[in-house]
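# Notes for the structure review
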Amino acid sequence: NAASDAFLYVVVNEQWQPLQVYLHTLADTDNPDPCVFTEQDTSCRVDIGLSQSEAYVFISSGGHTNNEVYVLPRADLTAPPQLMQAKQDDVEYYPDHGNGQFVIRSKLAMANFAIYTCNEDALDSSQWTLKVASDSRHYITGHLVLADYLIVTERVDGLDQIHVFASDGTDNYI
């Protein structure tokens, strides 16, 4: 966490499937670590990650064609994880955070990935706003949120491209 006195870790079951997330507090050696998240579906895998802004931790659970992500404020790892969007068939999404908002790469409403944004207090996909659409020529493969830029990696007509969106509204390929 932000105070560097606790951390999250993933535990595997007897079949080596990562299905649980625990919280360890460094100063607390007397109590067992509490379980923060358990995935009941053994066809899924659980992992944890830190947002680019370092303000949020993501707990992701998913399979090959869908996932769901829970969000925790890094400053309070004891807070209940907040679900962004429940699993849906053939819908994947990958959030990041920066500049006071979440930026999400998702197949929510398109065959290919698109980029959406949402406010910190409006995580549900019904509150997402389309930022960068995809089409049959543009396949979005990743994104990175920086202080003044959104970097989107994509394939345009099969060729890898880097699309840079500046906070002033301009954009260009490099």
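Residues numbered from 1 in each chain as written. Predicted model: local features only at pLDDT ≥ 70, side-chain atom pairs only at ≥ 80, totals over all residues. Heavy atoms only, no water.

The next thing to look at is the overall build of the protein. Each helix and strand in the protein was counted, giving 0 helices and 15 strands. Over its C-alpha atoms the protein spans a radius of gyration of 17 Å, differing by no more than 12% from the 16 Å that the globule rule assigns to 174 residues. In terms of its C-alpha atoms, the protein occupies a principal-axis envelope of roughly 55 × 35 × 30 Å. Residue pairs in contact within the protein that sit at least 24 positions apart in sequence constitute 30% of those at least 6 positions apart. Working note: accessible area of the protein is about 9500 Å², and carbon and sulfur atoms make up 49% of it. Once the 8 positive and 25 negative side-chain charges of the protein are each reduced to a mean point, those two points are 9 Å apart. (Helix = DSSP H or I, 4+ residues; strand = E, 2+ residues; numbered from the N terminus. Rg over C-alpha atoms; globule rule 2.2 N^0.38 Å. Contact = heavy atoms within 4.5 Å. Areas by Shrake-Rupley, 256 points an atom, 1.4 Å probe, with all protein chains shown as cover. Lys, Arg positive; Asp, Glu negative; His and termini not counted. Charge placed at Lys NZ, Arg CZ, Asp CG, Glu CD.)

Turning our attention to the packing of aromatic side chains. Counting across every chain of the model gives 9 aromatic pairs. Between Tyr9 and Tyr22 the ring centres are 5.9 Å apart and the planes differ by 20°, which places this aromatic pair in the stacked class. Here Tyr9, found in strand 1 (residues 6–12), pairs with Tyr22, found in strand 2 (residues 18–25); they are 13 residues apart in sequence, far enough to count as distant. Residue class for Tyr9 comes out partly exposed when judged on its relative accessible area of 28%. Feature note: the residues Phe7, Tyr9 and Tyr22 constitute an aromatic cluster, connected by ring pairs. Across the ring face of Phe113, the terminal group of Arg105 is positioned such that the distance to the ring centre comes to 4.4 Å. (Phe/Tyr/Trp six-rings, centres within 6.5 Å; stacked < 30°, edge-to-face > 60°. Buried < 20%, exposed > 50% of the residue type's maximum accessible area, 1.4 Å probe, protein only. Lys NZ or Arg CZ within 6 Å of the ring centre and 35° of its normal.)

Now for the sheet that holds strand 1. Note: strands within a sheet are paired through backbone hydrogen bonds, in either parallel or antiparallel orientation. Taking strand neighbours across the sheet as the criterion, the 3 strands line up as 1-2-3 in an open arrangement whose pairing is antiparallel. Whereas interior strands pair on both sides, the edge strands pair on one side only; in this sheet they are strand 1 and strand 3 (35–38). Between one strand axis and the next, the sheet turns by 20° as a mean value, whatever way the strands run. One ladder, built from 7 bridges, connects strand 1 with strand 2; its direction is antiparallel. (Pairing = 2+ DSSP bridges. Axes fitted to C-alpha atoms, helices over the stretch in contact; angles between N-to-C directions.)

Now for unusual backbone geometry. One can expect most non-glycine residues to show negative phi and most peptide bonds to be in trans. If you check the backbone angles, Asp90 has positive phi at about 60° while not being a glycine. Positionally, Asp90 belongs in the loop between strand 7 (82–83) and strand 8 (93–98). We classify Asp90 as exposed; its relative accessible area is 54%. A positive phi angle, close to 50°, is found at Asp157, a residue other than glycine. Mapped onto the elements of the fold, Asp157 is located in the loop between strand 13 (149–156) and strand 14 (159–166).

Everything listed here is a matter of coordinates, which is why it stays silent on function.
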